[in-house]
Amino acid sequence: MGVANVGHTHREVVAAVRAQAERHLHVMVYGEMIQQPQVDLAARLAGLLPPPLEVVYFLRSLERHADLRVKVELDPAGEMAVDSVVSLWAGANWLEREVYDMFGITFRGHPDLRRILMWETYAEGFPLRKDFPLRGRFSRAEQVRQALNANPEAHYSMEELSIAAAFNELPAEMRERLRRGERGKLPFDE
Amino acid sequence: MSKRTVELELATPGLNARGQPTRVPLAVDEQREPDLGGEHLLINLGPQHPATHGVLRLVVELDGEQVVRVIPHVGYLHSGFEKLGEYRHYNQIIPLTDRTDYLSPMANNVGLALAAEALMGIEITPRCTVLRVIACEMSRIISHMVWLGTTSIDLGAFTPFLWAFQERERIYNLQEMWTGARLTTSVTRVGGLMADIPDEFVPGLRHFTQTFPRTLAEIDRVLTRNAVWAGRTQGIGVMTKAEAINYSLSGPMLRASGVPYDVRKDKPYLGYETYDFEVPVGEHGDVYDRYLVRLEECHQSNRILQQTLERLPDGPINVDDPRTILPSKSRAMSDMEAMIFHFKQVMEGVKAPVGEAYVGIENPKGELGNYLVSDGTAKPVRWRIRPPSFINLSALPKMAEGHLLSDLIAINASVDIVMGEVDR
């Protein structure tokens, strides 16, 4: 550490270098050091992000005539999961399924966590999240194409069909298609 | 689960010595039941079936004629109202609420307006309060009339359907007189109402409240002690007190199980504590008690309507705040201030402070909650509806277990679902 006109290890120079080293993150990004304005910009951008998701529980005591509102904040970088309360209140069953369906929050220990309002093969994501566009992710043409290609038989889930005694009597080809979860084809596709 | 048959003695038409309807004895005859070898049949009911009251689909697993399991599938009418609401001003959300529970649109309008006013800290005028009570109670009557009509058709009685729909038609005429619309009323605004009632409305409603109990008495005479009706509904789809609370049921479903919870009494809004009415409570929690509770609720709603007509005060229907209530067109065209407020409200909407509000109201189907979260702009960050029929319907698999397939129709009818609200 030396500067030609003040000599080696000048105290002020060393302090300045140390201060700068502490402020800057010495990681090579596109071949340059990250500077303070970049850090500030990143912090501002992060501040513009929507606040993390919260799961809000509304509880009502019929005896005490009192309300209780419990909020659980989820870490957006975490696993987005909370414990299910279905074992306490059976009424939470469909409500938790709806939250899972709309926000993609999983409930640990839920007996039957499936989509409820959207269909099981819905692939566009979680509609009520803020990053989900109002029009949906797929184009109208793609949505129509998927609807036309959908296999009506696939509306029976495997779980439902397997409890039917008639499952083994279905045509072998249909059973195979159901097993693969394949979409049906319309006559004019060929 | 026991296999059972319903036996009706037609000689004594469902009445005991005191003239009260008897609970039909359920006889179990194991020997006459054919042995099906435990084979289960899977049938699909709906989504297009008149007895599912809309586009509800039930996959039913049957052991003979007995229901082993019901798997409901909902979502066929999903319209994403909650998402749409996040892109609209508070007043623009009101038309969406018409379309959730479309059998009681006025009550839904009131529910959202109350939540938005709680969020903004607005206190509505006395006349508006009474008119909103009229809106809520008229909705309760028409919703219960639809329930009664469709349920009686499901169970084979056609006449009550015609009577009930005639009464509903009369309320629809009043709604049309008030708002210009029969179904999609959009009657409330944040801080007031879309319009005041016209002059003919009060005599019209008074005539209705005087003649409506006669129809209720006729329905009561035809159904309440009817052997077929009692046989099809008594002891069917029973929810005990504890189960009803555990499944978060609300409205007539909860009260039929013996829990006297009514938001109008429990957490009064719109001055309901000043009205004289009773909350009917059932005892057995079966389909029959749900019928009795709803029938009595119609009487009580009629009583409340009569009281509103006596006390309806004069005065403005809207709060005196140019930031929330749109100035009249003539003022907006002649007064500079009014024009600025008009412009700002149309372009920017009514801004709510940062915060959140939950208001639950007693809708015909149960507790309708509106939960609004605001970030300080004119549109909510999150609008959540607590849909009473969605939550009541989630108890259907529990209620139908072990009953006959034909009882499943009665149980499903007794939940009083409207798919517009279940799917939103």
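Residues numbered from 1 in each chain as written. Chains lettered and ligands numbered in written order. Predicted model: local features only at pLDDT ≥ 70, side-chain atom pairs only at ≥ 80, totals over all residues. Heavy atoms only, no water.

**Student:** Hey, could you run me through the overall build of chain A in this one?
**Tutor:** Across its full length, chain A holds six helices and eight strands. Put simply, of all contacts in chain A between residues at least 6 apart along the chain, 33% involve residues at least 24 apart. Here chain A has roughly 13,400 Å² of accessible surface; of this, 57% comes from carbon and sulfur atoms. (Helix = DSSP H or I, 4+ residues; strand = E, 2+ residues; numbered from the N terminus. Contact = heavy atoms within 4.5 Å. Areas by Shrake-Rupley, 256 points an atom, 1.4 Å probe, with all protein chains shown as cover.)

**Student:** What am I meant to see in the interface of chain A and chain B here?
**Tutor:** The interface of chain A with chain B comprises 35 residues on the first partner and 40 residues on the second. A combined buried area of about 3,400 Å² lies between chain A and chain B, and 59% of that area is made up of carbon and sulfur atoms. Put simply, chain A and chain B have seven salt bridges between them. For the salt bridge of Arg60(A) with Asp266(B), the shortest nitrogen-to-oxygen distance reads 2.1 Å. The interface formed by chain A and chain B holds 15 residue pairs in polar contact (both at pLDDT 80 or more) in total. Of all the secondary structure elements, the ones that give two or more residues to the side of chain A that touches chain B are β5 (54–61), β6 (66–73), α3 (92–103) and α5 (158–163) of chain A. Top element by residues in the side of chain A that touches chain B is α3(A). It accounts for five residues. Here the side of chain A that touches chain B is composed, by residue class, of 22 nonpolar, three polar and 10 charged. (Buried area = accessible area lost by both parts, 1.4 Å probe. Salt bridge = Lys/Arg side-chain N within 4 Å of Asp/Glu carboxyl O. Polar contact = N/O pair within 3.5 Å; in protein donor to acceptor, adjacent residues only side chain to side chain. Nonpolar A, V, L, I, M, F, W, Y, C, P; charged D, E, K, R; others polar.)

**Student:** What is the right way to look at the sheet that holds strand β4 (residues 57–63) of chain B in this model?
**Tutor:** Within a beta sheet, neighbouring strands are joined by backbone hydrogen bonds and run either parallel or antiparallel to one another. Residues and elements named next belong to chain B. Taken in spatial order, the three strands of this open sheet run β3-β4-β5, and their pairing is antiparallel. The open sheet is flanked by β3 (41–45) and β5 (66–73), the only strands paired with a single partner. In this sheet, neighbouring strand axes are inclined to one another by 20° on average, regardless of whether the strands run parallel or antiparallel. Contacts from helix α16 (residues 405–415) reach β3, β4 and β5 within the one sheet, and its direction differs from that of β4 by about 145°. (Pairing = 2+ DSSP bridges. Axes fitted to C-alpha atoms, helices over the stretch in contact; angles between N-to-C directions.)

**Student:** Can you help me understand the sheet that holds strand β9 (residues 366–374) of chain B in this one?
**Tutor:** All names here are of chain B. The antiparallel open sheet is built from three strands, whose spatial order is β8-β9-β10. One side of each edge strand has no neighbouring strand; the edge strands of this open sheet are β8 (355–363) and β10 (380–386). Taken pair by pair, the neighbouring strands of this sheet meet at an average axis angle of 10°, ignoring direction. Here β9 runs beside β10; their pairing, made up of six bridges, is antiparallel. Paired with tyrosine 371 across the two strands is arginine 384, which belongs to β10. Across the face of the sheet, helix α3 (residues 105–120) comes into contact with β8, β9 and β10 while running at roughly 150° to β8.

**Student:** Would you mind going over the confidence of the model for chain A with me for this structure?
**Tutor:** Segments scoring low in pLDDT should not have their predicted coordinates read at a detailed level. All names here are of chain A. Per-residue confidence for chain A averages 76 on the pLDDT scale, and 72% of its residues sit at or above 70. When mean pLDDT is taken per element in chain A, α3 scores highest with 91 and α5 scores lowest with 53. Overall, residues 183–190 carries pLDDT values under 50, and its contacts beyond four positions in sequence, including any with other chains, amount to nine contacts. (pLDDT = per-residue confidence, 0-100.)

**Student:** What is the right way to read the confidence of the model for chain B from this model?
**Tutor:** All names here are of chain B. Confidence in the prediction for chain B averages 86 pLDDT; 91% of positions are at 70 or higher. Confidence drops under a pLDDT of 50 for residues 1–12, and excluding neighbours within four residues, the segment shows 30 contacts in the predicted structure. In the predicted complex, the global pTM is 0.79; the interface-specific ipTM is 0.82.

**Student:** Sorry, what's going on with the pairing of β5(B) here?
**Tutor:** On any regular strand, side chains alternate: one points to one face of the sheet, the next to the other face. All names here are of chain B. Summarising burial for β5: six of the eight residues are buried, a large majority. Here β4 pairs with β5 via seven bridges, running antiparallel. The residue bridging glutamate 61 from the neighbouring strand is arginine 69, located in β5. Between β4 and β5, which follow one another and run antiparallel, lie two residues, and glycine 64 among them has a positive phi close to 65°. (Buried < 20%, exposed > 50% of the residue type's maximum accessible area, 1.4 Å probe, protein only.)

**Student:** It is not clear to me how the pattern of salt bridges should be interpreted in this structure. Could you clarify?
**Tutor:** Close approach of charged atoms lets side chains of opposite charge pair. All names here are of chain A. Overall, the coordinates contain 39 salt bridges over all chains when judged by the stated rule. The partner of arginine 97 in a salt bridge is aspartate 112, with the nearest N and O atoms 3.9 Å apart. Note that arginine 97 is positioned in helix α3 and aspartate 112 in the loop between β8 (106–108) and α4 (140–149), a separation of 15 residues in sequence. The exposure class assigned to arginine 97 is buried, which follows from its relative accessible area of 5%.

**Student:** So what exactly am I meant to see when it comes to the packing of aromatic side chains here?
**Tutor:** All names here are of chain B. Taken as a whole, this structure holds 13 aromatic pairs over all chains when the rule is applied. Relative to phenylalanine 165, the ring of phenylalanine 161 lies with its centre 4.4 Å away and its plane at 40°, an arrangement referred to as tilted. Linking phenylalanine 161 with phenylalanine 165, this pair stays in helix α5 (residues 159–179), spanning four residues, or about one helical turn. Their ring planes at 45° and their centres at 6.1 Å tell us that tyrosine 288 and tyrosine 291 sit as a pair that is tilted. Here the residue tyrosine 288 and the residue tyrosine 291 both occupy positions in helix α11 (residues 287–311), the gap between them amounting to three residues, near one helical turn. (Phe/Tyr/Trp six-rings, centres within 6.5 Å; stacked < 30°, edge-to-face > 60°.)

**Student:** Even after reading the chapter, I still don't get unusual backbone geometry, so can you show me in this structure?
**Tutor:** Residues and elements named next belong to chain B. The residue serine 186 is not glycine, and still its phi comes out positive at about 45°. Turning to its location among the elements, serine 186 is positioned in the loop between α5 and β6 (188–189). In this model, aspartate 416 sits at a positive phi of 60°, which is unusual for a non-glycine residue. Residue position: aspartate 416 is located in the loop between α16 and α17 (419–423). For aspartate 416, a relative accessible area of 3% corresponds to the buried category.

**Student:** Which parts of the structure should I look at to understand the pairing of β5(A)?
**Tutor:** Examined bridge by bridge, β5(A) and β6(A) share eight bridges and lie antiparallel to one another. Of the residues in β6(A), the one forming a bridge with Phe58(A) is Arg69(A).

**Student:** Whenever I open this one, the environment of Phe343(B) confuses me. Can you help?
**Tutor:** Residue and element names in this part refer to chain B. Inspection of the secondary structure puts phenylalanine 343 in helix α13 (residues 336–348). The class for phenylalanine 343 is exposed, based on a relative accessible area of 54%. Taking the C-alpha atoms as reference points, phenylalanine 343 and alanine 332, 11 residues apart in sequence, are found 8.9 Å from one another.

**Student:** Sorry, what's going on with a nonpolar patch on the surface here?
**Tutor:** Taken together, the side chains of Leu326(B), Phe343(B), Val346(B) and Met347(B) define a hydrophobic patch exposed on the protein surface, amounting to about 420 Å² of accessible area. Secondary-structure assignment places Leu326(B) in the loop between α11 and α12 (329–334). (Patch = residues over 30% accessible without salt bridge, like charges linked within 9 Å, V, L, I, M, F, W, Y side chains within 5 Å.)

**Student:** What exactly am I supposed to notice about the environment of Ala116(B) here?
**Tutor:** Residues and elements named next belong to chain B. Assignment of secondary structure puts alanine 116 in helix α3. Distance from alanine 116 to leucine 372, taken between C-alpha atoms, is 7.2 Å for residues 256 residues apart in sequence. If we ignore the near neighbours within four places in the chain, the residues touching alanine 116 are Tyr90, Val190 and Leu372.

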